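# Architecture at a glance
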Amino acid sequence: MATLHFTTSPSFSLTKPKAPSNNLLPALQLSHTRSRFGFSRRYSSLTIAHSYKVVIEHEGRATELDVDPDETILSKALDSGLSVPHDCKLGVCMTCPARLVSGTVDQSEGMLSDDVVESGYALLCASYPRSDCHIRTIPEDELLSMQLATAND
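Going along each chain's sequence as written, the residues are numbered from 1 onward. Note on the predicted model: pLDDT of at least 70 is required for a residue's local features to be given, and 80 or more for side-chain atom pairs to be given and counted; whole-chain, interface and lining totals, by contrast, use all residues. Based on all heavy atoms of the structure, the side-chain values leave hydrogens and waters out of the count.

## Brief notes about the overall build of the protein
- Labels follow the DSSP assignment, with helices taken as runs of H or I lasting at least four residues and strands as runs of E lasting at least two, numbered in each case from the N terminus. The secondary structure content of the protein amounts to 3 helices and 11 strands.
- N-terminal to C-terminal, the α/β element order of the protein is β-β-β-β-β-β-α-β-β-α-β-β-β-α.
- Remark: exposure states derive from per-residue accessible area (1.4 Å probe, protein chains only) relative to the maximum for the residue type, with buried under 20%, exposed over 50%, and partly exposed in between. Within the protein, buried positions represent 31% of all 153 residues.
- Within the protein, counting contacts between residues at least 6 apart in sequence, those at least 24 apart form 50% of the total.
- Accessible surface is estimated by sampling points in the Shrake-Rupley manner with a 1.4 Å probe; for residues, cover comes only from the protein chains shown. Per element, the accessible surface of the protein, about 9800 Å² overall, is 52% carbon and sulfur. Note on definitions: a residue-residue contact is assigned when non-hydrogen atoms from the two residues lie within 4.5 Å.

Here it is, written out as structure tokens:
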């Protein structure tokens, strides 16, 4: 947000806020307008956030979803009426496993080991899209055996 500074004269100044540290936040654009008191600066908000196309293969059917970068793939799937397996929604219980066929997700909030993530596994409840993605749900046992195998290394 911008801050207005009022003075005793009929003019004002606008200080530019610090640049957002997260590129998912709206950007600010400076524009100059002419008023009866001279030139003034105005900041307008531009919306940058765009959704990603996420294809989820579940029970032999592919469904394409538009998922915002700040929402999990699981929450969007459930909102869209898909009945994908899930439980805790915290990235801990591993009941919403999937294989990332293509694309990238941020699942830094999940509890999967780095080796498992690098092998292409994901938890839908902790996966935020960072590109267009293709994801296939998998049986929970497949992910559990992979997670246990890497824990012994």
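Let us keep going from here.
## Let's talk about the pairing of strand β7 (residues 97-102)
- Judged from the 3 bridges that link them, β7 and strand β9 (residues 121-123) form a sheet pairing that is antiparallel. Counterpart to Ala98 in the pairing with β9 is Ala122.
- Strands qualify as paired when DSSP identifies two bridges or more between them. Judged from the 4 bridges that link them, β7 and strand β11 (residues 133-137) form a sheet pairing that is antiparallel. Looking at β11, one finds that Leu100 is bridged to Ile135.

## What about the environment of Leu100?
- If you trace the backbone, Leu100 turns up in strand β7.
- In the structure, Leu100 is positioned 33 residues away from Cys133 in sequence and 7.5 Å away in space, judged by C-alpha atoms.

## Side note on the nonpolar core
- Grouped together as the largest cluster of nonpolar side chains are 24 residues, with contacts concentrated most on Val54, Ile56, Ile73, Leu123, Leu124, Ile135 and Leu143.
- Where this core is concerned, the elements lending two or more residues are β5 (52-58), β6 (61-67), α1 (73-79), β9 and β11.
- The biggest single contributor to this core is α1, with 3 residues.
- In contact with Ile135, not counting residues within four places along its chain, are Val54, Val55, Ile56, Glu57, Ile73, Ala98, Arg99, Leu100, Val101 and Leu124. Nonpolar cores are built from buried Ala, Val, Leu, Ile, Met, Phe, Trp, Tyr and Cys residues. Side-chain atoms within 4.5 Å join them into one set.

On their own, these measurements won't tell you what the molecule is for.
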